[in-house]
Structures are given as C-alpha cells and as structure tokens.
Amino acid sequence: MFSIGALSDATGCKVETIRYYEKIGLMPEPARSEGGQRRYHQRHRERLAFIRHSRELGFTLEDIRELLTMSEQHGCADDIARRHLQAVEQRIRSLSALRDELGRMINECEQGRPGECRVIEVLSDHRKCTTEHGH
C-alpha cells in the first residue's frame, strides 16, 4: 500500500493533482487508515500511470474518462484515438502555417531598412499575414 506521498514519488504526479483526479472521479477513492490517511493499492498506481501517459500524449480529461470506461468494459478506443489524431493533425497544420509566417516576417525584417521592423508591423495588423495560423 502507498501513502499519497509515496504514490506521488512512484508516478511523478503531484499530490495536488492526485487529489484533483480523485475529486473529478478519474481516480477511485482510496481506502483510509484509522488516522484518516489515504492508502493506495497497486491498481491506483497503474491507473494513475495510465492517466499520466494519456495526458503526455495530449488527451483531454474527458477523453481519458472515455478511455478508462472503454478499458473497464474491455472495449476498443480507436474512435477516441482517431478523433485525437485529427486534432493533432490540425494543430500541426496550424503550427506549420505559424512557422511559415514567422519565417517570412523574419526574412522580410532582415531585408528592411534601419528603423523599420516588419515583425512589429505584421504583429500589429493580422491582415498583413499571408497564412491563416489560428486567427
């Protein structure tokens, strides 16, 4: 059995985050000692590892809730993963457009005259951007 501190150390998850996950129902309530301290089992550690890994991959808390339900029902979560992949691909397109726009601004600034800054000019007016990058 683990104390909350030992669970935190074992998983790299902050104590406050563990309590939050319990509060919102992602982590099951642990047993308590006679003194009222939380006591966690290996299954808590495994579930917390699942949650942390899912968060590292960018899944939302709602996605994780769905994934946990699928896991408990021995279902397949490919729809959730597919939806997440689409969101990641959209972010990649947005970041690529942003990268291109920043590169263009920097290139134009390097060719500018002293006292003029194309970066400041473009940042002041989105219409001067050549790409849609999250606007």
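In this text, all values refer to a predicted model and were calculated from it rather than measured experimentally. (Residues numbered from 1 in each chain as written. Predicted model: local features only at pLDDT ≥ 70, side-chain atom pairs only at ≥ 80, totals over all residues. Heavy atoms only, no water.)

On to the overall build of the protein, then. Counting its secondary structure elements, the protein contains six helices and two strands. If you list the helices and strands of the protein from N to C, you get α-α-β-β-α-α-α-α. A compact globule built from 135 residues would reach a C-alpha radius of gyration of about 14 Å, whereas the protein, at 23 Å, exceeds it by more than 25%. Oriented by its inertia axes, the alpha-carbon framework of the protein measures out at about 75 × 35 × 20 Å. (Helix = DSSP H or I, 4+ residues; strand = E, 2+ residues; numbered from the N terminus. Rg over C-alpha atoms; globule rule 2.2 N^0.38 Å.)

Below, the discussion takes up the side chain of E22. Here E22 shows up in helix α2 (residues 15-23). Owing to a relative accessible area of 5%, E22 belongs among the buried residues under this scheme. Once you skip the residues sitting within four places of it in the chain, E22 turns out to touch M27, P28, E29, P30, R38 and Y40. (Buried < 20%, exposed > 50% of the residue type's maximum accessible area, 1.4 Å probe, protein only. Contact = heavy atoms within 4.5 Å.)

Here the focus is the environment of A81. Tracing the chain through its elements places A81 in helix α5 (residues 78-110). What makes A81 partly exposed here is its relative accessible area of 38%. When the C-alpha atoms of A81 and L95 are compared, they prove to be 21 Å apart, with 14 residues separating the residues in sequence.

Attention shifts here to the confidence of the model for the protein. Averaged over all residues, the pLDDT of the protein equals 87, while 92% of them reach at least 70. Per-element confidence in the protein is highest for α2, whose mean pLDDT is 96, and lowest for helix α6 (residues 118-124), whose mean pLDDT is 73. (pLDDT = per-residue confidence, 0-100.)

Looking now at the nonpolar core. Ranked by internal contacts, the top residues of the largest apolar core, which has 17 residues, are I18, Y21, L48 and I51. Of all the elements in the fold, those that place two or more residues in this core are α1 (4-11), α2, α3 (42-56) and α4 (61-72). Once you skip the residues sitting within four places of it in the chain, I18 turns out to touch I4, L7, S8, C13, Y40 and L48. (Core = buried A, V, L, I, M, F, W, Y, C linked by side-chain atoms within 4.5 Å.)

Each packed pair of helices is defined by two parameters, the angle between the axes and the distance between the axes. Put simply, α1 and α2 touch, their axes get as near as 9 Å, and they point 105 degrees apart. Considering their axes alone, α1 and α2 lie roughly perpendicular with respect to each other. Contacts from I4, G5, L7 and S8 of α1 reach α2 at V15, I18 and R19. The residue inventory of the contact of α1 with α2, partitioned by class, reads four nonpolar, two polar and one charged. (Axes fitted to C-alpha atoms, helices over the stretch in contact; angles between N-to-C directions. Parallel < 35°, antiparallel > 145°, perpendicular 65-115°, else oblique. Nonpolar A, V, L, I, M, F, W, Y, C, P; charged D, E, K, R; others polar.)

Once that is clear, we can look at α2. Every buried residue belonging to α2 is among V15, I18, Y21 and E22, and all of these are buried. What you see down the axis of α2 is that its buried residues fit within an arc of 125 degrees, all on one side. Seen from the buried face of α2, the exposed residues on the opposite side, beyond 90 degrees, are E16 and K23. Residues of α2 that are buried make contact with α1, β2 (38-39), α3 and α4. (Arc of directions from axis to C-beta.)

Taken together, L95, L98, L102 and I106 make up a surface patch of nonpolar side chains, about 340 Å² in accessible area. Along the chain, L102 falls in helix α5. (Patch = residues over 30% accessible without salt bridge, like charges linked within 9 Å, V, L, I, M, F, W, Y side chains within 5 Å. Areas by Shrake-Rupley, 256 points an atom, 1.4 Å probe, with all protein chains shown as cover. Salt bridge = Lys/Arg side-chain N within 4 Å of Asp/Glu carboxyl O.)

Below, the discussion takes up the pattern of salt bridges. For the coordinates displayed, the defined rule picks out 10 salt bridges. Here E101 and R104 are joined by a salt bridge, their closest N and O atoms 2.3 Å apart. Here R104 and E101 lie together in helix α5, a separation of three residues that amounts to about one turn. Given the relative accessible area of 16%, R104 is considered buried.

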